[in-house]
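Results of the structural survey
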Amino acid sequence: MTDGAMIRFDAPVARGGYAWWYIDALSDDGLHALTLIAFVGSVFSPYYARANRRTPGGADPEDYVAVNLALYGPRRTLWAMTERRRRSLIRDPATLGIGPSRLDWDGNLLAIRINELTTPLPQPLRGMITVHPKAVETAVYPLDAAGAHRWQPVAPCARVSVAFEKPALSWQGDAYFDRNEGDAPIGSAFSTWNWSRTPNRRGARVFYHATRRDGGTTDLSLQFSAAGGVAPIVAPPPSPLPITWWRIARETRSDAGFDAKLIRNFEDTPFYARARIAASIDGETVDGVHETLDLDRFAQPVVQAMLPFRMPRRVV
């Protein structure tokens, strides 16, 4: 673990590499959720993957940028992810603009202005997401042995305010904010990973497990305080979650004698799954967000051929 910069949207990104800023949130009433990811070097892009294969030294990540937003409501999910070229990118220390959407950090809160179109059926998504960290963490954790892939849990304990015009939507809830970066394509270092974050009475717990290409694994089990600060914890035993529709196995952590439960599937794709789960940690029943990623699946030609239907690319 090393100390890192706060949130520098203009930090260099290596050719062939990536940086992403990730926010998820669950509404207080349990009816809504969202996930937002802003990419410089869109790691799950078939266009960027193809360019990296064809370009010695890797493609320019600033030519493959996107804002991915998923709004999960009680009756439907709205999804947007349009990849854009570098002429649509604005980056300075406190601002990340990608096309008509924009993230602004003022040192205390993250204001996100969204102006996107859903896919595959185009509908406007316009509104504001405001993330209010309870504390900001500066530690950066290496995810591989060489330190070429890194994770900064910027605000594991946060609140969110959501106010949209299209669709008409307003709610508040619990939120999480982090940053990942890498100096090479993510699939070059990892085959699979799973991750979860669950709020609790003291703040939030995060479990991170990655299977690496070098034969090793990365395991992080952390308790973040709502007031700031972090401490390693002993992880409960693995607890399986239901296999996905695409036959991806997944598991999380839960106390012995309390099997983790799936509350709602948010995303179920050929290579990636996101869900709301419930578990027991140190005797406390908690619920939060869980993700599973299979990068061998992502690399399969049939999956690469399917992806453009979910993430169109603008040439201007």
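Just so it is clear, the model here is predicted, and its values are computed rather than measured.

**Some words on the packing of aromatic side chains**
- If you walk through the whole model with that rule in mind, you get 20 aromatic pairs.
- Taken together, the ring pairs connect Tyr18, Trp20, Phe39, Phe44, Tyr141, Trp151, Phe190, Trp193, Tyr208, Phe271, Tyr272 and Phe298 into an aromatic cluster.
- For the cation-ring pair, Lys261 lies above Phe258, with the distance from its terminal atom to the ring centre recorded as 4.3 Å.
- Here the guanidinium or amino end of Arg310 rests over the ring plane of Trp79, the centre of that ring lying 4.0 Å away.

**Overview of helix 1 (residues 46-54)**
- Listed in full, the buried residues belonging to helix 1 are Pro46, Tyr47, Tyr48, Ala49, Ala51 and Asn52.
- On its buried face, helix 1 is in contact with strand 5 (77-84) and helix 3 (301-306).
- Taking the backbone nitrogen of Tyr47 as reference, a side-chain oxygen 3.1 Å away marks Ser45 as the first, capping residue of helix 1.

**Overview of the pairing of strand 8 (residues 101-105)**
- Of the two faces of strand 8, only the one carrying Ser101, Leu103 and Trp105 is buried; Arg102 and Asp104 on the other face are not.
- In terms of strand pairing, strand 7 (residues 95-98) meets strand 8 through 4 bridges, oriented antiparallel. The residue bridging Leu96 from the neighbouring strand is Leu103, located in strand 8.
- Turn length for the strand 7-strand 8 hairpin, with the two strands adjacent in sequence and antiparallel, is 2 residues, and the turn residue Gly99 shows positive phi of about 60°.
- Both strand 8 and strand 9 (residues 110-117) contribute to a ladder of 4 bridges, which runs antiparallel. Residue pairing across strands places Trp105 opposite Leu110, the latter belonging to strand 9.
- Counting the residues in the hairpin turn of strand 8 and strand 9 gives 4 residues, including Gly107, whose phi is positive at 95°.

Calculation rules
- Residues numbered from 1 in each chain as written.
- Predicted model: local features only at pLDDT ≥ 70, side-chain atom pairs only at ≥ 80, totals over all residues.
- Heavy atoms only, no water.
- Phe/Tyr/Trp six-rings, centres within 6.5 Å; stacked < 30°, edge-to-face > 60°.
- Lys NZ or Arg CZ within 6 Å of the ring centre and 35° of its normal.
- Buried < 20%, exposed > 50% of the residue type's maximum accessible area, 1.4 Å probe, protein only.
- Helix = DSSP H or I, 4+ residues; strand = E, 2+ residues; numbered from the N terminus.
- Contact = heavy atoms within 4.5 Å.
- Polar contact = N/O pair within 3.5 Å; in protein donor to acceptor, adjacent residues only side chain to side chain.
- Pairing = 2+ DSSP bridges.

Geometric values such as these leave the question of function open.
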